[in-house]
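Given next are the chains, with one letter for each unit.
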Amino acid sequence: MPASEPIVALRRVGKAFANTVALDGFDFAVREREFVSLLGPSGCGKSTALRLIAGLSAASGGAIEWRDGKKPAHGALGFVFQEPTLMPWASVFGNVHLPLKLAGLTRAAAAERVATALAGVGLAEFARAYPRELSGGMKMRVSIARALVTAPQLLLMDEPFAALDEITRFRLANDLLDLWQALGKTVVFVTHSVFESVFLSNRIVVMTPRPGRVFAEIPIDAPYPRDESFRTSPEYAGFCRRVSQALASAMASGAAP
Amino acid sequence: MTGEPPRTNEPHEVGRRDTVLRIALPVAVLALAVIAWELAVRLTNTPAYQVPVPGLVFTTLLSDWPILSASLLVTLITTFEALALAVLGGVALAILFSQSRLVEYSLYPYAVILQVTPVIAIAPVLLIYLPQPAAVLACAWIVAFFPMLANTTLGLNSVDRNLVDLFTLYGASRVQVLVHLRLPAALPHMLAGLRIAGGLSLIGAVVAEIAAGSAGAGSGLAYRIAESGYRLMIPRMFAALLLLSLAGIAIFFALSLVSHLALRRWHESALQAER
């Protein structure tokens, strides 16, 4: 793992809502080129942590420290939601163009970058299609292309494959890993799937439920590229067992107030 | 779509038969009603100044066409002017509401009051202070305005929360959020409001013309109905009524077509034909 200074570090971060404490004393750092998963049961505050990093909500305690001392510019962060979150009235091109349009780039000026982003997720042929004409997996690919079109330094993904069927999920996971390697991105990936997190990540942060805290950090020291043979390897099964045990302990520790 | 097996013809044919029934059945009912009407009038020897037979209504429509068509034009122009002003005013005010809570809290109750007060009761008051064409226009506008305001307001607020977050993430300005997110998201609601407002502005124009009728200066279709009634020209009264009804139907279908064309690429409401 690179020992460089983290891109972003959350120090003793807390987040309280009206009647729940989502995060309490949450310590977490992301380093350059990492693929790190936040793993925990629903309601453990992992999505909240992602929204805090994205600046979509404000922490009620602690500090979020960026490498350069200030929050990155618009477009330096990419966000992929659990749903594809596409504008139904805009074509695939229009949806992927959006982040650049908001930054002031016309269709013509953005065309090449949009085309590159679409080709990256394998949808080069579908620029003129509308979201309703696409399958769930294709919509999610558009969503990923939109997040990548600004060439962000950090990609935040909030259970992006949770609503997809298993076969589509495997294919998207494979393609995401290829993209991550090819583009040299840093990814924070929120999931409640042990198997998904082990396949994708080089580090897994297991969280306790309510309030969310870091229970364990488990490095997944398996080489990339990882493909279908990794999915069926005893090594993979071994990592899954370790992570599952950690998750079970985290749940048990969280059950007692 | 690619890769799908070709569909069998069966559902398609069922769909076509359904379409035929949807058109044929109402037409058959109309024909039966017209025949029953004709028979009832003839068998009871009812004079034409009480109930004219359908054939007489139709010939009157043709013979009085110069007068009736001029009146139809007046009513239609009033209706469309009122509708245009209602769309402009309703959408503009809804945008203002979406940008400022204070403006919304201050003005929304009065928009509701304007809506719930029967326009037939407002018309005589307006007729005192405004020249008749302006008063008729104002009445038509009052009834058409509210559905545009209410539907646009609803639409501007029915935006996917995640899309709002996405716009925030990319540092979108208020104007960008309005133009690229809230207005397109509101479009289906606005078009539904437009279809309601189209019918209502015709009703508003008619109500105001009837209210003004005895004052005498009007020339719209509703005024013709009132005038024909006073002068016992019952066939012309029926002909004008028929024309008014046809105008309402035409407005509804025209606005439905506008709605369909605007939404067909993306909105669920326009997709039934494909299933």
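It should be emphasised that the depicted structure is a prediction, and the values quoted were computed from it without experimental measurement. (Residues numbered from 1 in each chain as written. Chains lettered and ligands numbered in written order. Predicted model: local features only at pLDDT ≥ 70, side-chain atom pairs only at ≥ 80, totals over all residues.)

## Considerations on the overall build of chain A
What counts here: Strands here mean DSSP runs of E at least two residues long; helices mean DSSP runs of H or I at least four residues long; both are numbered from the N terminus. Each radius of gyration is computed over the set of C-alpha atoms, and the globule rule expresses the reference value as 2.2 Å times the number of residues to the power 0.38. For the exposure call, what matters is how many other C-beta atoms sit within 10 Å of a residue's own: 20 or more marks it buried, 12 or fewer exposed, and in between partly exposed, using C-beta atoms placed from the backbone.
A tally of helices and strands in chain A yields eight helices and nine strands. Relative to a compact globule of 257 residues, whose C-alpha radius of gyration would be 18 Å, chain A shows 18 Å and is just as compact. Seen through its C-alpha atoms, chain A measures out along the principal axes to roughly 55 × 40 × 35 Å. Out of the 257 residues in chain A, the part that is buried amounts to 43%.

## Quick notes on the overall build of chain B
For clarity, the threshold we go by: By the convention adopted here, residues are in contact when the distance between their C-beta atoms, placed from the backbone, does not exceed 7 Å.
Secondary structure summary: chain B contains 10 helices and zero strands in total. In chain B, the order of α-helices and β-strands from amino to carboxyl end is α-α-α-α-α-α-α-α-α-α. Excluding contacts between residues fewer than 6 apart, the proportion of contacts in chain B whose partners are at least 24 apart in sequence is 76%.

## A look at the domain arrangement of chain B
What counts is decided by this rule: Where each domain starts and ends follows an automatic or database-derived domain assignment.
What the domain assignment reports for chain B is domain 1 (6-45) and domain 2 (53-274). The C-alpha-based centres of domain 1 of chain B and domain 2 of chain B are spaced at 30 Å.

## Observations regarding the pairing of strand β6 (residues 154-158) of chain A
Residues and elements named next belong to chain A. To keep things clear, this is the line we draw: Criterion used throughout: strands pair if DSSP finds at least two bridges between them.
Of all five residues in β6, five are buried; the element is thus mostly enclosed. Neither face of β6 is open: one carries L154, L156 and D158, the other L155 and M157, and all of them are buried. As paired elements, strand β5 (residues 77-80) and β6 share four bridges and run parallel to each other. The residue bridging L77 from the neighbouring strand is L154, located in β6. In the sheet, β6 pairs with strand β7 (residues 186-191) via five bridges, with the strands oriented parallel. Paired with L154 across the two strands is T186, which belongs to β7.

## Some points on the sheet that holds strand β1 (residues 8-16) of chain A
Residue and element names in this part refer to chain A. Short version of the rule: Axis definition: a line fitted to C-alpha atoms, over the contacting stretch in the case of helices. Angles run 0 to 180 degrees between N-to-C directions.
Across the sheet, which stays open at both edges, the three strands sit in the order β2-β1-β4 with antiparallel pairing between neighbours. The sheet terminates laterally at β2 (21-30) and β4 (61-66), the two strands that pair on one side only. Between one strand axis and the next, the sheet turns through 15° on average, direction left out of account. Bridge count for β1 against β4 is five bridges, and the pairing is antiparallel.

## Notes on the interface of chain A and chain B
Which entries qualify depends on this criterion: Classification used: nonpolar for Ala, Val, Leu, Ile, Met, Phe, Trp, Tyr, Cys and Pro, charged for Asp, Glu, Lys and Arg, polar for all others including Gly.
The partner chain B presents 16 residues to the 16 residues of chain A that form the contact. If you list the elements that add at least two residues to the side of chain A that touches chain B, you get β5 and α2 (92-102) of chain A. A per-class count over the side of chain A that touches chain B returns 11 nonpolar, three polar and two charged.

## Details of helix α10 (residues 234-263) of chain B
Residue and element names in this part refer to chain B. Formally: Here, expected helix span is obtained from the residue count minus one, scaled by 1.5 Å.
When the terminal C-alpha atoms of α10 are compared, their 44 Å separation across 30 residues agrees well with the 44 Å that a helix rising 1.5 Å per residue should span. Buried residues of α10: P235, R236, M237, F238, A239, A240, L243, L244 and S259, and no others. The elements touched by buried residues of α10 are α2 (54-63), α3 (65-99), α8 (174-212) and α9 (221-230).

## Regarding unusual backbone geometry
Residue and element names in this part refer to chain A. The step from Y224 to P225 runs through a cis peptide bond, and the omega angle for that step is -5°. Although it is not a glycine, R12 adopts a positive phi angle of roughly 45°. Relative to the helices and strands, R12 is located in strand β1. Even without being glycine, E159 reaches a positive phi, approximately 45°. As for its position among the elements, E159 is in the loop between β6 and α5 (166-183). For E159, a count of 21 C-beta atoms within 10 Å corresponds to the buried category.

## Details of helix α7 (residues 161-169) of chain B
Short version of the rule: In this context, the arc is that of the directions from the helix axis out to the C-beta atoms.
Within the sequence span of α7(B), burial applies to B:L163, B:L166, B:F167 and B:L169. Projected down its long axis, α7(B) shows its buried positions confined to an angular sector of 160°, all on one face. Packed against the buried residues of α7(B) are α1 (46-54), β5 and α2 of chain A together with α8 of chain B. Count one or two residues on from α7(B) and you reach B:G171, which has phi positive near 65°.

## A word on the sheet that holds β5(A)
Paired through backbone hydrogen bonds, the strands of a sheet run either parallel or antiparallel to each other. All names here are of chain A. Strand order in the open sheet made by the six strands is β5-β6-β7-β3-β8-β9, with mixed pairing throughout. Whereas interior strands pair on both sides, the edge strands pair on one side only; in this sheet they are β5 and β9 (213-219). Each strand of the sheet is rotated relative to its neighbour by a mean of 15°, with strand direction disregarded.

## Considering the domain arrangement of chain A
Residues and elements named next belong to chain A. Per the domain assignment, the segments of chain A are domain 1 (8-72 + 153-255) and domain 2 (84-151). Inter-centroid distance (C-alpha atoms) of domain 1 to domain 2 is 25 Å. In this complex, domain 1 contributes nine residues to the contact, which on the side of domain 2 involves seven residues. Among the elements that take part in the side of domain 1 that touches domain 2, α5 stands out by supplying four residues, more than any other. Considering only residue class, the side of domain 1 that touches domain 2 consists of seven nonpolar, one polar and one charged.

## Overview of the nonpolar core
How we decide: A set of buried residues qualifies as a nonpolar core if it consists of Ala, Val, Leu, Ile, Met, Phe, Trp, Tyr and Cys joined through C-beta atoms within 7 Å.
In this structure, A:A145, A:L156, A:V206, B:C139, B:A140, B:A144 and B:A208 are the most contacted members of the largest nonpolar core, which totals 134 residues. If sequence neighbours within four positions are ignored, A:V206 has contacts with A:L39, A:G40, A:F215, A:A216, A:I218, A:V243, A:A246, A:L247 and A:A250.

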